[in-house]
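# A closer look at the structure
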Amino acid sequence: MMDDDEPSTAGGLPAVSLPAVTLGDVLAQPDLDLATVVPGEPSLVVRSAHSSEIDDPGRWLEPESVMLTTGLRLVGAETDRETARQLVEGLKRARVVALFFGVGVNFSHVPAALVAACRAAALPLYEVGAEVPFYRVENYINASAGAPEAYQLRRAVRLTNELVDSLSSEEPTKALVARLASLARGTAVLYGPTGRTVESTGAGPLQLIWAELQQRRWSGPPFEIGRWTVMGRSVALRGNMYVIAIASRTPGAVVELGPMLLETAQRLLGGINAINRLAVSRQRHEGVQLLTDLQDGIPLGREQRYWERLEPFLFRPFSPVRALVARSVDGRALDGSAIQSLLEVAEKQTLGLLLAESGRSPAAPPGFTALVADGPGLEPWTAAASSRASLGLSEPFTDLSAAPDAFGEAEAAAEIAVERLGVGAQGSTGLGTVVKIDDVDPASWLLARRRSRRDRDKVARYAAPLRRDPELLATVVRYLARGMDVAATAVDLFVHGNTVRYRLRKAEDLLGGSLSDAAVVANLYLSLRAEIEGAKHEDAQREDQQREKPVGEPD
């Protein structure tokens with residue numbers, strides 16, 4: 001019978017216990033290039049090594065371990081003693097043996113605040129040379145300490161946790177790319193569908209990497225670009241193909257860790273994309289509801305609350321805004337991609353915008369309604385929007401309780417925009433037009449405010465006697481379009497000037513008033529405005545053609 005103190009046997013052979021790895025053993029390895037900053041006791045036992053760049057890393061570390069870091073959490077806070085103190089105290093609570101700091105990635109030397117914190121807490125601190133990949137230190141300690149399989153599993157879990165932790169950041173995509181670069185001890189980059197850099201960290205040759213990835217169809221084994229070892233993966237986001245890549249001057253970091261890092265990043269980017277789409281969808285729904293509330297009218301006492309609700313949509317409280325009504329150029333409702341494009345343009349211009357589609361029911365003409373900030377980004381945004389619709393904008397206002405009246409103005413401006421498009425103001429280009437109600441003349445304003453058929457009939461009725469005589473009607477329309485110039489009217493109609501005068505006197509008899517009377521002319525203009533503006537447009541086109549005609553070419 002064996003004593004409890006004797007080593008157990010298997011198959012008659014005594015079990016072999018591996019000697020403990022000490023801090024002195026690690027420091028003695030020349031290929032690890034470790035330099036002492038705050039010395040520690042060489043006899044301290046080291047059971048594992050782990051890289052970490054997350055906040056409060058102690059919760060992931062086991063006792064008697066070494067933590068490796070490039071100081072990502074200290075970027076921008078390298079002189080913050082409190083941040084350094086909290087990091088070191090967390091490592092002490094986790095019974096970490098020592099902190100190994102890798103230089104050449106985020107810092108050229110260990111920050112002084114971290115050195116001071118380690119000295120104050122008696123936590124050994126060592127600098128890892130810029131050319132030494134962390135996996136080399138980890139491999140030596142973990143493989144020497146016990147089963148390599150268990151180490152590989154622990155490392156996979158730890159690296160995954162490092163990347164997953166980026167999801168809690170305010171900018172998860174940026175945080176994920178930064179942690180990829182830190183773990184690879186080099187560069188990480190996310191490319192958009194056209195090769196544009198969406199996010200990147202590090203100083204690698206980004207354009208050369210993109211060009212080479214194109215040749216290799218985005219994915220595959222690691223490859224070399226100069227001193228850089230590179231690996232990439234494609235990922236589908238928002239229906240488009242993006243590419244995530246890592247590059248390092250320490251080849252082993254990419255060869256050994258690359259497949260796992262990129263596969264994890266690939267899945268996390270998909271998760272980030274899904275979260276972003278949910279957030280965007282929710283924000284759009286909230287924006288539509290807010291826009292509906294403003295169109296219906298809000299109490300004056302609730303205005304402050306509504307300005308607060310507008311702030312997440314990039315509106316500045318009590319700054320001028322405009323109501324907007326848009327009418328689709330081709331008469332069809334705008335699809336989801338068109339609406340998303342307008343939202344993205346507004347975001348790029350940092351332009352406050354609430355937008356709701358219309359045209360999904362017979363009661364609402366195809367297009368959209370919006371509340372938009374009256375700022376520098378408005379002109380480029382309306383230029384983009386007018387490629388799909390004619391736009392009517394109200395005058396600027398800051399009193400949100402006035403929104404219903406402002407949308408009435410925008411509706412009138414949209415009617416004028418559609419009318420102008422109809423007489424060819426923009427129609428030849430296939431684009432819409434933009435009308436601000438503050439630039440509209442009174443006659444156009446009054447005509448656009450005709451809401452009922454009865455209103456429209458009342459205005460049209462004034463010229464009804466002329467409409468029964470097409471020749472007479474054409475003469476009066478041309479006369480008014482030509483600024484009441486008899487000679488120019490005669491030339492346009494190919495008749496004698498006396499013929500024009502005779503027809504005008506006949507028109508005066510039918511109307512019961514003189515064409516030299518301002519009231520008669522005003523009423524005629526309101527009643528015949530569409531025909532008069534159409535005639536003006538024809539004249540303008542004819543004059544343009546005359547200017548473009550080569551000299552000497554007959555009319």
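For the structure itself, consult the block above.
Report follows, based on the coordinates. Source: prediction; values computed, not measured.

### Examining the packing of aromatic side chains
- Scanning the entire structure with this criterion turns up five aromatic pairs.
- Summarising the aromatic geometry, the rings of Phe 101 and Phe 107 are spaced 6.0 Å apart at their centres and angled 50° between planes, so their arrangement reads as tilted.
- Between Tyr 191 and Trp 210, the aromatic rings sit 5.1 Å apart at their centres with planes inclined by 50°, giving tilted as the arrangement. Placement of the pair is Tyr 191 in strand β8 (residues 186–191) and Trp 210 in helix α7 (residues 206–215), with a sequence separation of 19 residues. There is no split in this pair, since Tyr 191 and Trp 210 are both buried.

### What about unusual backbone geometry?
- Of note in this structure, Thr 350 is not a glycine but carries a positive phi near 50°.
- Assignment of secondary structure puts Thr 350 in the loop between α10 (336–348) and β14 (353–358).
- Even without being glycine, Met 484 reaches a positive phi, approximately 60°.
- Along the polypeptide, Met 484 turns up in the loop between α16 (470–481) and α17 (486–493).
- Taking the relative accessible area as the measure of exposure, Met 484 reaches 35% and is therefore partly exposed.

### A short note on the side chain of Arg 478
- Tracing the sequence through the fold places Arg 478 in helix α16.
- When its relative accessible area of 11% is taken as the criterion, Arg 478 is described as buried.
- Residues within four places of Arg 478 in sequence aside, it is in contact with Thr 489, Asp 492, Leu 493, Ala 535, Glu 538, Asp 539 and Arg 542.

### What to know about helix α2 (residues 81–93)
- Over its 13 residues, α2 extends 18 Å from the first C-alpha to the last, a length consistent with the 18 Å expected when each residue adds 1.5 Å.
- Among the residues of α2, Ala 84, Leu 87, Val 88, Gly 90 and Leu 91 are the ones counted as buried. The buried residues of α2 all sit within an arc of 155° when viewed along its axis, so they share a single face. Among the exposed residues of α2, those pointing more than 90 degrees away from its buried face are Arg 81 and Arg 93.
- The backbone nitrogen of Glu 82 has a side-chain oxygen 3.0 Å away, supplied by the residue at the start of α2, namely Asp 80.
- Note on α2: the residue one or two positions beyond its end, Arg 95, has a positive phi of about 60°.

Definitions and cut-offs
- Residues numbered from 1 in each chain as written.
- Predicted model: local features only at pLDDT ≥ 70, side-chain atom pairs only at ≥ 80, totals over all residues.
- Heavy atoms only, no water.
- Phe/Tyr/Trp six-rings, centres within 6.5 Å; stacked < 30°, edge-to-face > 60°.
- Helix = DSSP H or I, 4+ residues; strand = E, 2+ residues; numbered from the N terminus.
- Buried < 20%, exposed > 50% of the residue type's maximum accessible area, 1.4 Å probe, protein only.
- Contact = heavy atoms within 4.5 Å.
- Expected span 1.5 Å × (residues − 1).
- Arc of directions from axis to C-beta.
- Polar contact = N/O pair within 3.5 Å; in protein donor to acceptor, adjacent residues only side chain to side chain.

Limitation: the analysis is restricted to geometry and does not speak to function.
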